[in-house]
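One letter stands for each residue in the lines below.
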Amino acid sequence: MRNLNGRTVLVTGGGAGIGAAIVQRFVEEGARVMVADIDTAAGQSVADAQGMGFVPIDVGSLESFEHAVAATVERFGRLDILVNNAGIASLRAPIHLSTLENWHRVINVNLTGVFYGMRCALARFVAQGSGVIVNLSSVAALVAFPELPPYNAAKAGVSQLTKEAAVEYAQFGIRVNAVAPTAVMTPMNQRTARETGDPAAFERALTSMNPMPGAASSEDVAAAVAFLASDDARFISGVTLPVDGGYTAV
Ligand SMILES: NC(=O)c1ccc[n+]([C@@H]2O[C@H](COP(=O)([O-])OP(=O)(O)OC[C@H]3O[C@@H](n4cnc5c(N)ncnc54)[C@H](O)[C@@H]3O)[C@@H](O)[C@H]2O)c1
């Protein structure tokens, strides 16, 4: 990918799953990466394995995000790319049976957390006249999955926030895009698979849901993130790029 070498990247939720693959891909591209995660042991372990930095973060707290951005700048001297990857699964329930606790928890991490990250990074990007943001949306932003109201709403919000920021900040040389993965067998979905009581059936469903055979991998998603962050995508802003084997094309 063009011009990722030497760039400074902050990846939230970099301690597991798609985030860990994103960290690895940026390191392979020669970038300097700050891994940020609420799970200190997991985040530190990914950072140590890659020889990169770690900062604890709860993306659902503005103060925590401000601290993570400041720590990145302190360690590497600047911030060029923010990947808002951290996210959580929703409990399954239709709207009329949903708990408010689950609604607020998922919206806070998956949508407000992305807003916090963009707010912190954009303040710096405007001042330096450059910057790239890549947000983790989902196919759940493009089609609705039953019984996941806050997850669907948060991801649709992330895609719309991505467009809003792309339009607003283009004048400052800043690009903002999102990726929308189909289901990937990360720790998030491994937990969901166990909760169904029949993990094998869940995994079979996951590998047969897309027109393309097989399942998407975290590395497939990481490649799309790296592309959108690189200068190969220098004239691309405001898109939500599905990484879904054709799932949303049907
Ligand atoms: N796995 C999928 O099928 C899938 C599909 C579409 C979109 N996504 C999105 O991709 C992103 C990564 O998902 P994943 O499957 O790798 O999840 P995961 O649960 O496997 O990993 C998520 C990481 O984020 C961290 N995290 C959770 N809450 C946090 C918080 N408040 N602050 C900081 N870190 C926090 C976790 O500790 C973990 O290391 C999420 O935004 C998710 O919604 C995943």
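Source: prediction; values computed, not measured.

**Here's the deal with the domain arrangement of the protein chain**
Part 1: Domain parsing of the protein chain yields domain 1 (8-181 + 217-239) and domain 2 (184-215).
Part 2: Between the C-alpha centres of domain 1 and domain 2 the distance comes to 23 Å.
Part 3: Listed by partner, the interface residues are eight residues for domain 1 and seven residues for domain 2.
Part 4: By residue class, the composition of the side of domain 1 that touches domain 2 is five nonpolar, three polar and no charged.

**Topic: the environment of serine 98**
Part 1: Looking at the element boundaries, serine 98 is found in the loop between strand E4 (81-84) and helix H4 (100-128).
Part 2: Separated by 31 residues in the primary sequence, serine 98 and glycine 129 place their C-alpha atoms 43 Å from one another.
Part 3: If near-sequence neighbours (up to four positions away) are discounted, serine 98 is found in contact with Ala93, Trp103 and Pro149.

**Some details on the sheet that holds strand E6 (residues 174-181)**
Part 1: The strand order E3-E2-E1-E4-E5-E6-E7 describes an open sheet built from seven strands, whose pairing is parallel. Strands at the two margins of the open sheet, each flanked by one partner only, are strand E3 (53-56) and strand E7 (240-243). The sheet shows a mean angle of 20° between the axes of neighbouring strands, direction not considered.
Part 2: Against the sheet, helix H5 (residues 149-169) contacts strand E5 (131-136), E6 and E7, and its axis sits at roughly 160° relative to E6.

**Points about the site of the ligand**
Part 1: Within the structure, the ligand sits among 29 residues, and Gly13, Gly17, Gly87, Thr186 and Met188 are positioned closest to it.
Part 2: Looking at the shell around the ligand, the elements with two or more residues in it are helix H1 (17-28) and helix H6 (187-196).
Part 3: When the residues that make up the shell around the ligand are grouped by side-chain class, the tally is 15 nonpolar, 11 polar and three charged.
Part 4: The residue makeup of the shell around the ligand includes at least three contributed by each of domain 1 (8-181 + 217-239) and domain 2 (184-215).

**Quick look at the pairing of E4**
Part 1: Burial along E4 is two-sided: Ile81 and Val83 and Leu82 and Asn84, pointing in opposite directions, are all buried.
Part 2: For strand E1 (residues 8-12) and E4, the ladder comprises three bridges, and the chain directions are parallel. Residue pairing in the sheet places leucine 10 in a bridge with leucine 82 of E4.
Part 3: Sheet topology note: the E4/E5 ladder contains four bridges and is parallel.

Cut-offs and rules
- Residues numbered from 1 in each chain as written.
- Predicted model: local features only at pLDDT ≥ 70, side-chain atom pairs only at ≥ 80, totals over all residues.
- Domains from an automatic or database assignment.
- Contact = placed C-beta atoms within 7 Å.
- Nonpolar A, V, L, I, M, F, W, Y, C, P; charged D, E, K, R; others polar.
- Helix = DSSP H or I, 4+ residues; strand = E, 2+ residues; numbered from the N terminus.
- Pairing = 2+ DSSP bridges.
- Axes fitted to C-alpha atoms, helices over the stretch in contact; angles between N-to-C directions.
- Near = placed C-beta within 6 Å.
- Buried ≥ 20, exposed ≤ 12 C-beta atoms within 10 Å, placed from the backbone.

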